[in-house]
Amino acid sequence: MDEKQFLETWDVHNRINLYLLDAVEPVALSSYSASKGRSVAEQFAHLHNVRLMWLKSAAPDLLAGLGKIEKEQAADQSLLRRSLIDSGQAINSLLSKSLAGDGKIKGFKPHAVAFLAYLISHESHHRGQIVLTLKQAGHQIDKKVQYGIWEWGVR
């Protein structure tokens, strides 16, 4: 397996999350879907917080300088952005350490490749929820951005 491509896949995915976040008007971060649940901001915070949960279990040493985003803090777009960048780098480090070792992620089965797929699947699910929430709330994302989240070759 090409470690560089593996880690780059995670980094591209994380940049797509940031690309979407940057396209959300600050006022729209407090939008909720018709079925309630988390606000747009809370969904972005959830991505970061789930990353921290995995880091705590698999590599607590990588948590240095990272903090959970509480519900009351979630509407701070710059905090969301910084946090997703920082936790994204920490996940990259976790994946890199795993590949340099036995290819496993502590607390996750079967291996690091599946863990990467799990994280991307989970976060992409929430990206879809974010886009739908924004649409339902009357803050639809620009078509360029809607298509841009699928342009992995340029992100």
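For the structure given in this document, a descriptive report is provided here. Note that this is a predicted model, so its numbers are computed, not measured. (Residues numbered from 1 in each chain as written. Predicted model: local features only at pLDDT ≥ 70, side-chain atom pairs only at ≥ 80, totals over all residues. Heavy atoms only, no water.)

**Things to note about the environment of isoleucine 69**
Note that isoleucine 69 resides in the loop between α2 (40-58) and α3 (77-100). For isoleucine 69, a relative accessible area of 4% gives the class buried. Sequence spacing of isoleucine 69 and leucine 20 is 49 residues, and the spatial spacing of their C-alpha atoms is 18 Å. Beyond its immediate sequence surroundings of up to four residues, isoleucine 69 is in contact with Ala45, His48, Asn49, Ala74, Leu79, Leu80 and Ser83. (Helix = DSSP H or I, 4+ residues; strand = E, 2+ residues; numbered from the N terminus. Buried < 20%, exposed > 50% of the residue type's maximum accessible area, 1.4 Å probe, protein only. Contact = heavy atoms within 4.5 Å.)

**Some remarks on the nonpolar core**
Of all hydrophobic cores here, the largest spans 24 residues; its most connected members are Leu20, Val24, Leu29, Val40, Phe44, Leu80 and Leu134. At the level of elements, α1 (3-23), α2, α3 and α4 (112-136) are the ones that each hand at least two residues to this core. In this structure valine 24 touches Leu29, Val40, Phe44, Gln77, Leu134 and Ile141, once residues within four positions along its chain are discounted. Among the nonpolar cores identified, the runner-up in size contains 22 residues, and Trp54, Leu66, Leu95 and Phe108 belong to it. (Core = buried A, V, L, I, M, F, W, Y, C linked by side-chain atoms within 4.5 Å.)

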